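Descriptive structure summary
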Amino acid sequence: MKILMLVATTVATDTRVLREATALVEVGHSVHVIGRSVPEDFVPPEGITVSSIGTSSVFRAEGTPSLTGLALPPHMRFARWVLLPQHRNSAFGRWADGAIADGRGREFDVVHAHDFTALRAGATLAEERGVPFVYDTHELWSGRPREYRPTPLLDRRERRVEGELGSRAAVVITVGDGVARALRERYGWPHVTVVRNTFPRANPGEPLGGPRGLIYAGRLAAYRELETVADASARLAGLGLPVALRGPADPTWLASFDKKATRIELPCSPEEVTGHLAAAGLVLVTHSDRWENHRLALPNKLFHAVQAGVPVVATDVGELAATVRAYGLGTLYTPGDADALVEAAREAVADYAGLTEAVRAAAPELSWDTDGARLVEVYEGLVNGRTRLDVGGE
């Protein structure tokens, strides 16, 4: 089967897209990915081909420096807050138009649209070619964090479009049970299945005698609880747990972030991150409780810690907390409470051997071996012509 994947990211650092594409190639499918401003030097995994559509909008041409990287004065920050929704819609709309034009010139048997930004393009190409499409939503789109002005009319329109186009999909895939339940309740979709953002099994080596530090590995931006982490960082260092924040940063957010005793480190490959997690011995998996998407999310940082074989200190929020409790993966603290974070770290140190054992016992279930098999099963259903309910029902 020839699969056309659409995703409005650079692909190069999109571990979910690459992991899914690789899993499908390994069972005999071919995959072409249409991405967004893919780096020219990016070499995809064997068996996967990639093409790229630019990121221009009516507000900024392709290649023009973004204001995001600047420490803006107040009036410019306000203007950005006001205009950002139009810029995003224009940029993603132009990307979708370009992806449709690119896809029309290719052969494919199924379209796999990653996230709402690719949904219109995926539905259009599938309808034109008369083939099924898969809607793979990495979050509850309507519940995601917003860093721009309220847009109630746009929000309602996007929910209507997602409901209509997602209903046409042969299968809807999402990242966790919480988001899956929300989609079923919100849109009445019976055809939702879960493929989590897990990582391949690894041999994490001998457990450490105790943690040597605390590490957060992910995007450095708003609503990630990093201000709380910074507030606790001096006391954590006093416990022998220096705090490292590693990952790509939102420069606008970073310009006003008081890092205190934390150490900010450059992003690196997922394989290198695994080594850093294992060396620290304790992983921060944090986000706020402000947005619905956070209460439903299962961050890939959690599963990356499982791959590295080390426990977590996580925010006591929704699906994340439920999973940590269910498998005994670490300790929890109330979001926004630096004192509670320090206490959770103390508890993790005190029970480090037991938590590490629980993490390693959970690894077979919380790995890509399990979730990749679910994805392959979805595609077996498409190949064999099974109905949406056969492959997507609970």
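See the structure printed just above.
Everything numeric in this text was worked out from a predicted model, so none of it was measured.

What counts and how
Residues numbered from 1 in each chain as written. Predicted model: local features only at pLDDT ≥ 70, side-chain atom pairs only at ≥ 80, totals over all residues. Heavy atoms only, no water. Helix = DSSP H or I, 4+ residues; strand = E, 2+ residues; numbered from the N terminus. Buried < 20%, exposed > 50% of the residue type's maximum accessible area, 1.4 Å probe, protein only. Contact = heavy atoms within 4.5 Å. Pairing = 2+ DSSP bridges. Axes fitted to C-alpha atoms, helices over the stretch in contact; angles between N-to-C directions. Right-handed = clockwise from strand over helix to strand, strands pointing away. Phe/Tyr/Trp six-rings, centres within 6.5 Å; stacked < 30°, edge-to-face > 60°. Core = buried A, V, L, I, M, F, W, Y, C linked by side-chain atoms within 4.5 Å. Salt bridge = Lys/Arg side-chain N within 4 Å of Asp/Glu carboxyl O. Lys, Arg positive; Asp, Glu negative; His and termini not counted. Parallel < 35°, antiparallel > 145°, perpendicular 65-115°, else oblique. Left-handed = near helix turned anticlockwise from the far one by under 90°. Nonpolar A, V, L, I, M, F, W, Y, C, P; charged D, E, K, R; others polar.

A few words on the overall build of the chain. Scanning the chain for helices and strands turns up 15 helices and 13 strands. Here the chain holds 394 residues, and 53% of them are scored as buried. Partitioning the intrachain contacts of the chain with sequence separation of at least 6 by distance along the chain shows that 68% fall at a separation of at least 24.

Let's shift gears to unusual backbone geometry. We note that Asp 115 has phi near 75°; this positive angle belongs to a residue other than glycine. For Asp 115, the position within the fold is in the loop between strand S4 (110–114) and helix H3 (119–129). At Tyr 223, a residue that is not glycine, the phi angle is positive and equals roughly 65°.

Ordered in space as S3-S2-S1-S4-S5-S6-S7, the seven strands form an open sheet in which the pairing is parallel. In this open sheet, the two edge strands, each paired with only one partner strand, are strand S3 (48–53) and strand S7 (192–194). Pairwise comparison of adjacent strand axes, ignoring direction, gives a mean angle of 20° for this sheet. Two elements, strand S1 (residues 2–6) and strand S2 (residues 30–36), share five bridges in a ladder whose sense is parallel. In the sheet register, Leu 4 faces S2, and the bridge partner there is His 32. Against the sheet, helix H5 (residues 177–187) contacts strand S5 (133–137), strand S6 (171–174) and S7, and its axis sits at roughly 175° relative to S7.

Let us now look at the pairing of strand S8 (residues 214–217). Burial along S8 is two-sided: Leu 214 and Tyr 216 facing one way and Ile 215 and Ala 217 facing the other are all buried. Judged from the four bridges that link them, S8 and strand S9 (residues 243–246) form a sheet pairing that is parallel. Bridge pairing in S9 links Tyr 216 to Leu 245. Chirality of the crossover, the property in question, places the unit of S8, helix H6 (residues 226–238) and S9 among those that are right-handed.

Summarising the element assignment, Asp 177 is placed in helix H5. On the basis of relative accessible area, Asp 177 is assigned to the partly exposed category, the value being 46%. When the C-alpha atoms of Asp 177 and Leu 298 are compared, they prove to be 9.0 Å apart, with 121 residues separating the residues in sequence. Residues contacting Asp 177, with those up to four places away along its chain left out, are Val 194 and Glu 319.

So, on to the packing of aromatic side chains. Two aromatic rings, taken as a pair, are described by how far apart their centres are and by the angle between their planes. Tallied over the entire structure, the rule returns five aromatic pairs. For the pair Phe 116 and Trp 141, a centre-to-centre distance of 5.3 Å together with 25° between the ring planes defines the contact as stacked. Note that Phe 116 is positioned in the loop between S4 and H3 and Trp 141 in the loop between S5 and helix H4 (152–168), a separation of 25 residues in sequence. Residue class for Phe 116 comes out buried when judged on its relative accessible area of 12%. Aromatic pair Tyr 223 and Trp 291: ring centres 5.6 Å apart, planes at 75°, arrangement edge-to-face. Here Trp 291 lies in the loop between strand S11 (283–285) and helix H9 (292–296) and Tyr 223 lies in the loop between S8 and H6, a separation of 68 residues in the sequence. Residue Trp 291 is classed as buried on the basis of its relative accessible area of 17%. An aromatic cluster of at least three residues, connected via ring pairs, comprises Tyr 135, Tyr 187 and Trp 189.

It is worth spelling out the nonpolar core at this point. By size, the foremost hydrophobic cluster in this structure holds 39 residues, and its most contacted members are Leu 6, Trp 95, Val 111, Phe 133, Tyr 135 and Leu 183. Put simply, the parts of the chain that give this core at least two residues each are S1, helix H2 (74–104), S4, H3, S5, H4, H5 and S7.

This part takes up the pattern of salt bridges. This structure, assessed with the given rule, holds 19 salt bridges. A salt bridge links Asp 102 to Arg 106, with the nearest nitrogen and oxygen atoms 2.5 Å apart. Residue Arg 106 is classed as partly exposed on the basis of its relative accessible area of 30%. Where Lys 260 meets Asp 231, a salt bridge forms, and the shortest distance between an N and an O atom there is 2.4 Å.

Glancing now at the side chain of Asp 14. Assignment of secondary structure puts Asp 14 in the loop between S1 and helix H1 (15–26). The side chain of Asp 14 is buried and forms no salt bridge, while Arg 16, the nearest opposite charge, is found at 6.9 Å. Excluding residues within four positions of it along the chain, Asp 14 makes contact with Val 7 and Thr 9.

This brings us to the packing of H6 against helix H12 (residues 338–350). Two elements in contact, H6 and H12, have axes whose closest approach is 8 Å; the angle formed by their N-to-C orientations is 50°. Between H6 and H12, the crossing angle belongs to the class labelled oblique. Handedness of the crossing formed by H6 with H12: right-handed. The residues of H12 that touch H6, namely those facing Thr 228, Val 229, Asp 231, Ala 232, Arg 235 and Leu 236, are Ala 338, Asp 339, Leu 341, Val 342 and Ala 345.

On to the packing of H1 against helix H14 (residues 368–383), then. Contact pair H1 / H14: the axes reach a minimum separation of 10 Å and the direction vectors enclose 65°. Considering only the axes of H1 and H14, their crossing is right-handed. In this structure, H1 uses Arg 19, Glu 20, Ala 23 and Leu 24 to contact H14, whose residues at the interface are Trp 368, Leu 375, Val 376 and Tyr 379. In terms of residue class, the contact of H1 with H14 is made up of six nonpolar, no polar and two charged.

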